[in-house]
Amino acid sequence: MAKRIDVSGLHVYYGDFLAVEDVSMTIEPRSVTAFIGSSGCGKSTFLRTLNRMHEVTPGARVQGKVLLDDQDVYGSEVDPVAVRREVGMVFQRPNPFPTMSIYDNVIAGAKLNNQRLNKSAADDLVERSLRGANLWEEVKDRLGRPGAGLSGGQQQRLCIARAIAVEPSVLLMDEPCSALDPISTLAIEDLISELKENYTIVIVTHNMQQAARVSDVTAFFNLAGTGKPGKLIEMGETNKIFTKPEKKETENYITGRFG
Amino acid sequence: MTTTDPSTTAHVPRGKRRIGDVVFANSARGSGILILVILAGVAAFLVAQSFDSLTANTANFLTTSEWDANTREAPAFGVLALAFGTVLGAAIALVLATPVAIGIALFIVYYAPRRIAAVLGYLVDLLAAIPSVVYGLWGIGWLVVQLAPFYTWLETYFGWFPLFAGPVSTTGRTMLSAGIVLAVMILPIITAMSRDVFLQVPQSHREAALALGATRWEMIRMAVIPFGRPGIIGGAMLGLGRALGETMAVAMILSPSLVVSWFLLQSGNQTIAAHIALQYPEATGYGVSALIAAGLVLFAITLLVNMAARFVVSRRKEFA
Ligand SMILES: Nc1ncnc2c1ncn2[C@@H]1O[C@H](COP(=O)(O)OP(=O)(O)OP(=O)(O)O)[C@@H](O)[C@H]1O
Ligand SMILES: [Mg+2]
C-alpha cells in the first residue's frame with residue numbers, strides 16, 4: 001500500500017562534500033511528485049537517499065530524517081534491504097538482468113522474499129506485474145526469451161514490472177524516459193498515471209512537459225552557486241509551480257531564463 | 001588453444017589504403033595463419049611419429065593399460081589407464097580449485113578492504129609464478145606427509161564411499177594428493193580470470209539487484225555470478241588445460257602403476273604427461289614412438305576439453 005514520505009532537515013554528503021543541503025518535504029501517498037532542476041543540483045543524490053541506495057556509494061552519508069509513514073528509514077534497527085523492498089527504484093538506463101529471461105527478470109526480486117514461490121503463484125505474479133507495466137500483450141508469447149532482447153522502451157517497462165513485482169509502497173524513478181523515444185515515453189507516462197492509484201511515485205525528469213503531464217506536485221532543486229550544495233527551492237502543486245511560482249529562481253528555470 | 005580467426009581481420013573499404021592499415025592487417029593475418037600452421041604442424045608430427053608403433057602394436061591402444069613398448073618385437077601397449085589418470089587428476093584439481101578460486105575472487109572484489117584485496121590479489125598472482133618442480137618438491141616433501149593421516153581418517157569414516165575405499169596408501173602419494181597439488185597450481189589462473197570478470201560487472205546490474213532488496217550475497221548470486229559465468233568457465237578451462245598437461249609435480253608425487261582405479265586414497269594411477277617424462281629417457285625400440293602416441297592422445301583430450309568448454313560458453317550467448 002502506498003505510503004507517505006516525510007523528509008526533514010536532510011543533508012547528503014559524499015565524503016566531505018556537501019551535495020544536498022537541508023531538504024524538508026512531504027510526499028503524499030497515491031500521488032506523483034516530480035523533481036526538476038538543473039544538472040548536478042542533487043536530484044539523483046536526494047532520490048537515492050529515500051531508499052538508502054546512496055549507501056552503495058562509498059563515502060556517501062546523510063544527516064537528517066526520512067520517515068516512511070511512521071517508520072524511521074534510518075533507524076538503527078532498520079535493515080536497508082527491507083527499506084529497498086518497500087521503496088522500489090527504476091533507473092535512467094533500462095537495466096534488466098542480461099542473463100535472465102523476461103520471466104525470470106520479473107520474479108527476480110519477488111523470489112528473494114519468497115524462495116518457495118510455487119509455479120502457479122509465480123506465473124500469476126509475472127502476468128500481474130507485466131500487465132501492471134503495460135507489457136503483457138507484447139511479451140506474453142516470449143517470456144522465456146532474454147530480457148535484453150527487448151526494445152529500450154520495453155526493457156524499461158520490464159524494469160518497472162520487476163520493481164512492482166516486489167509489491168513496494170513507493171516507486172522512485174530517476175529519469176526513466178531519458179533514454180527512450182517519444183512513443184515509449186508516452187507509454188511510460190501513461191503507466192505512471194495508472195500506477196499512482198496504488199503507489200507513491202517520485203520521478204526525476206529534465207523534461208518540463210513531462211513533469212507538467214504526469215505529476216501532481218513538483219519540487220524544484222537548484223544549486224546555490226558553483227561548488228555549493230543543491231537545495232530545494234520550491235515545492236508545490238504542479239499547476240501552480242508552472243503558472244505562478246513563488247520564487248523568481250523557479251520562474252526563470254521554468255521559462256528557460258537562467259542566472 | 002587460442003587461435004585468432006584470420007577471417008576477422010579487416011575488410012578494408014575500397015579507396016585510399018593507408019600503409020599502416022595494410023601492414024597491420026597483413027601482420028595480424030600472418031600471426032593468425034602462423035598459429036594454425038603451428039597447430040597443424042604439431043598434430044602432423046604427433047601422427048607421423050606415432051604411426052610406426054601404432055601399426056606394430058599387438059594390443060588395442062585405446063582399451064589396454066599395459067605398457068610394453070620398449071622392444072622391436074611385438075610391442076603391446078595401451079593408453080587407457082594413462083588417459084584415465086590424466087582426466088581424473090585434472091578433474092579433482094578442477095573440482096577443488098574452482099569454488100575456492102571463485103570465493104577468493106569474490107572476496108577480493110566485493111568483501112575485502114581495498115588494501116587487503118590488493119595484497120591478496122598479488123599473493124595469488126605469485127602462486128602462478130612458482131615453478132612446477134617446486135610444487136613437486138613441496139608436494140612430496142611436505143604435503144603428502146601431512147595428508148597421510150588425514151587419508152586414514154577419511155577411510156575410517158568415509159570408506160563406505162567408493163572413492164575413499166582402502167587400503168590407504170601409507171605414503172600419501174596418491175591421486176588425491178596429486179589432484180590437490182594441481183588444484184593449487186591452477187588456482188591463480190581461475191582466480192585471476194574470475195576476478196577480472198567480476199570487476200567488469202556493470203554497476204547498473206548490481207544496483208538493479210540491490211534496489212530490489214537483495215542482500216550483498218543475493219546481489220552476487222543474481223547479478224555477478226551469471227554475468228561472470230563465461231569468465232569463470234574460461235578460467236576453469238585454462239586451468240584444466242594446465243592440469244591435464246602438468247608433468248613434473250605429478251611425476252614426483254604419484255607412485256605410478258598402470259591401472260584404471262577410482263580409489264583416490266590408494267597408490268596407483270598415472271597421467272600421460274608424467275608417464276612420458278618418466279619413460280622417455282629409457283625408451284628403446286618402439287618406445288619413443290609409443291610415447292608420442294600417448295602424447296597425441298593428450299593433445300586430443302586437451303582439444304576436446306577446450307571445444308566442450310567453448311560450446312558451454314557459447315550456448316547461452318544470447319543471454320550474455
Ligand atoms: N558518487 C559520487 N561521488 C561524489 N560526488 C558525487 C557522486 N555522485 C554525484 N556527486 C556529486 O553530487 C552532486 C549532485 O549530483 P547528482 O547526480 O545528484 O545531480 P543530478 O541533479 O541528479 O544531476 P543530473 O540532472 O545531471 O542527473 C554533483 O555535484 C555531483 O558531482
Ligand atoms: Mg541524476
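Since the model is a prediction, treat every value here as computed from it, not as a measurement.

**Side note on the overall build of chain A**
And step 1. When helices and strands are counted, chain A shows ten helices and ten strands.
And step 2. For 259 residues, the compact-globule estimate of 2.2 N^0.38 gives 18 Å, and chain A sits close to it at 18 Å.
And step 3. Across its three principal axes, chain A shows a C-alpha extent of roughly 55 × 45 × 30 Å.
And step 4. For chain A, the residues scored as buried account for 53% of the 259 residues in total.
And step 5. For chain A, contacts bridging at least 24 residues in sequence account for 67% of all contacts bridging at least 6.
And step 6. If the 30 positive side-chain charges of chain A are averaged to one point and the 33 negative ones to another, these points end up 3 Å apart.

**Some thoughts on the sheet that holds strand E10 (residues 230-237) of chain A**
All names here are of chain A.
And step 1. Spatially, ten strands are ordered E5-E4-E1-E2-E10-E9-E3-E8-E7-E6 in an open sheet, and the strand pairing comes out mixed. A strand with exactly one partner marks an edge of an open sheet, and here the two such strands are strand E5 (71-72) and strand E6 (87-90).
And step 2. Relative to strand E9 (residues 217-223), strand E3 (residues 32-37) is paired through five bridges, and the arrangement is parallel. By the bridge assignment for E9, threonine 33 is matched with valine 217.
And step 3. Running at roughly 100 degrees to E9, helix H10 (residues 248-255) makes contact with E3, E9 and E10 of the sheet.

**Some points on the pattern of salt bridges**
Residues and elements named next belong to chain A.
And step 1. For the coordinates displayed, the defined rule picks out 16 salt bridges over all chains.
And step 2. The closest approach of N and O atoms between glutamate 55 and arginine 52, which form a salt bridge, is 2.6 Å.
And step 3. Residue class for glutamate 55 comes out partly exposed when judged on its relative accessible area of 34%.
And step 4. Salt bridges linked by common partners bring Glu127, Arg131, Glu137 and Lys140 together as one network.

**Describing the site of ligand 1**
Residues and elements named next belong to chain A.
And step 1. Near ligand 1 there are 13 residues, and of these Ser39, Lys43, Ser44, Thr45 and His206 occur at the shortest range.
And step 2. Here a nitrogen atom of ligand 1 and a side-chain polar atom of tyrosine 14 are 3.3 Å apart.
And step 3. Contacts to ligand 1 include glutamate 175, whose side-chain N or O atom sits 3.3 Å from an oxygen atom.
And step 4. Burial of ligand 1 by the surrounding chains reaches 62%, relative to a free accessible area of 630 Å².
And step 5. Secondary structure elements with two or more residues in the shell around ligand 1: strand E2 (17-27) and helix H1 (43-49).
And step 6. Its residues assigned to classes, the shell around ligand 1 comprises four nonpolar, seven polar and two charged.

**Some remarks on the interface of chain A and chain B**
And step 1. Across the boundary between the two partners, chain A contributes 27 residues, which contact 21 residues of chain B.
And step 2. Buried surface at the junction of chain A and chain B, summed over both partners, amounts to about 2000 Å²; 63% is from carbon and sulfur atoms.
And step 3. Interface area lost by chain A to chain B is led by Phe97, Thr99 and Leu112 of chain A, which between them contribute 29%.
And step 4. Inspection of the chain A/chain B interface yields two salt bridges.
And step 5. For arginine 48 of chain A, the salt bridge identified is with glutamate 207 of chain B, shortest N-O distance 2.8 Å.

**Regarding a nonpolar patch on the surface**
And step 1. A surface patch of nonpolar side chains, about 700 Å² in accessible area, is lined by Phe150, Trp153, Tyr157, Phe158, Trp160 and Phe161 of chain B.
And step 2. Assignment of secondary structure puts phenylalanine 161 of chain B in the loop between helix H4 (132-158) and helix H5 (175-200).

**Focus: the packing of helix H2 (residues 80-111) of chain B against H5 of chain B**
Residue and element names in this part refer to chain B.
And step 1. Packing of H2 against H5 leaves a shortest axis separation of 5 Å and a crossing angle of 40 degrees. Between H2 and H5, the interaxial angle falls into the category oblique. Every pair of crossing elements has a handedness; the one defined by H2 and H5 is right-handed.
And step 2. Partitioning the contact of H2 with H5 into residue classes produces 26 nonpolar, six polar and one charged.

Rules used in this analysis
Residues numbered from 1 in each chain as written. Chains lettered and ligands numbered in written order. Predicted model: local features only at pLDDT ≥ 70, side-chain atom pairs only at ≥ 80, totals over all residues. Heavy atoms only, no water. Helix = DSSP H or I, 4+ residues; strand = E, 2+ residues; numbered from the N terminus. Rg over C-alpha atoms; globule rule 2.2 N^0.38 Å. Buried < 20%, exposed > 50% of the residue type's maximum accessible area, 1.4 Å probe, protein only. Contact = heavy atoms within 4.5 Å. Lys, Arg positive; Asp, Glu negative; His and termini not counted. Charge placed at Lys NZ, Arg CZ, Asp CG, Glu CD. Pairing = 2+ DSSP bridges. Axes fitted to C-alpha atoms, helices over the stretch in contact; angles between N-to-C directions. Salt bridge = Lys/Arg side-chain N within 4 Å of Asp/Glu carboxyl O. Near = heavy atom within 4 Å. Polar contact = N/O pair within 3.5 Å; in protein donor to acceptor, adjacent residues only side chain to side chain. Areas by Shrake-Rupley, 256 points an atom, 1.4 Å probe, with all protein chains shown as cover. Nonpolar A, V, L, I, M, F, W, Y, C, P; charged D, E, K, R; others polar. Buried area = accessible area lost by both parts, 1.4 Å probe. Patch = residues over 30% accessible without salt bridge, like charges linked within 9 Å, V, L, I, M, F, W, Y side chains within 5 Å. Parallel < 35°, antiparallel > 145°, perpendicular 65-115°, else oblique. Left-handed = near helix turned anticlockwise from the far one by under 90°.

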